Amino acid sequence: MSDSTESGNDIIDGRAAFHRALTAALDEAATSGAQQLWLCDPDFADWPLAQAPVLDALGRWAHSQRRLTLLAADYTVLGTRFARWLAWRRQWSHIVRCLLVHEEEAPSVPSLLFVPGFTAVRLHDRDRHRGRIHRAATDLAPCHQLLDALSQRAEESFPVTTLGL
């Protein structure tokens, strides 16, 4: 599959291009000092969250005054396949919030990384990993509105630790 993101037209075409776009957006968030990050996906199964470049970018971005919000329909995959991300999350649990969308909202959960005021990486076709990188304010506003609407009807989920009896 081609990778049109490098040619400057902001098109994502393929899994490798999607992973590069996510990593680049996280690098941009770290470099620019963005205060918020939103990661949204039905289950994050196709995200490179355990890869070193992603964890490095998240580590450079993370500070006590920042906020990372995850929105998902199911956290099972994240909890079982991404041990390195889970370790990072434990360290930064005070800035990470995980929200579970209500069951009726699950079909409308997009694959979207959103850095308010900077960029959005959004898959419009998850099966083929096709999407766009958005930077224009006119493109970022609908992403923010969608995440805001989903988060208002979501509830806290996916605790850092599970207490046993």
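Please refer to the structure placed before this passage.
Residues numbered from 1 in each chain as written. Predicted model: local features only at pLDDT ≥ 70, side-chain atom pairs only at ≥ 80, totals over all residues. Heavy atoms only, no water.

A. Spatial organisation of unusual backbone geometry. A positive phi angle, near 65°, is found at F44, a position not held by glycine. The topology assignment puts F44 in the loop between β2 (36-41) and α2 (52-61). (Helix = DSSP H or I, 4+ residues; strand = E, 2+ residues; numbered from the N terminus.)

B. Region of interest: the nonpolar core. Judged by nonpolar contacts, the single largest core of 42 residues is most densely connected at L70 and W85. Ranked by residue count, the leading element in this core is helix α1 (residues 15-32), at eight residues. Core analysis: the next-biggest nonpolar cluster, separate from the first, contains 14 residues, C40, L71, A120 and A154 among them. (Core = buried A, V, L, I, M, F, W, Y, C linked by side-chain atoms within 4.5 Å. Buried < 20%, exposed > 50% of the residue type's maximum accessible area, 1.4 Å probe, protein only.)

C. A look at the packing of α2 against helix α4 (residues 83-91). Orientation of α2 relative to α4, taken along the N-to-C sense of each, is 10°, at an axis distance of 10 Å. The orientation of α2 with respect to α4, classified from their angle, is roughly parallel. Contacts between α2 and α4 involve A52, L55, L58 and G59 from the first element and R84, W85 and W88 from the second. Residue classes in the contact of α2 with α4 are distributed as five nonpolar, one polar and one charged. (Axes fitted to C-alpha atoms, helices over the stretch in contact; angles between N-to-C directions. Parallel < 35°, antiparallel > 145°, perpendicular 65-115°, else oblique. Contact = heavy atoms within 4.5 Å. Nonpolar A, V, L, I, M, F, W, Y, C, P; charged D, E, K, R; others polar.)

D. Expanded view of the packing of α1 against α2. α2 packs onto α1 with a crossing angle of 20° between their chain directions and a minimal axis gap of 8 Å. Here α1 is positioned roughly parallel relative to α2, judged by the angle of their axes. For the crossing formed where α1 meets α2, the hand is left-handed. Contacts between α1 and α2 involve T23, L26, D27, A29, A30 and T31 from the former and P53, V54, A57, L58, R60 and W61 from the latter. Of the residues belonging to the contact of α1 with α2, the class tally is eight nonpolar, two polar and two charged. (Left-handed = near helix turned anticlockwise from the far one by under 90°.)

E. Geometry of the packing of aromatic side chains. For the coordinates displayed, the defined rule picks out four aromatic pairs. Judged by centre distance (5.7 Å) and plane angle (90°), the rings of F18 and W47 are edge-to-face. Placement of F18 in helix α1 and of W47 in the loop between β2 and α2 is noted, with a sequence separation of 29 residues between them. The pair F18 / W47 is uniform in exposure class, with both members buried. With 6.4 Å between their ring centres and 35° between their planes, W85 and W88 make a pair best called tilted. Remark: W88 and W85 occur in helix α4; sequence separation between them is three residues, near one turn of the helix. (Phe/Tyr/Trp six-rings, centres within 6.5 Å; stacked < 30°, edge-to-face > 60°.)

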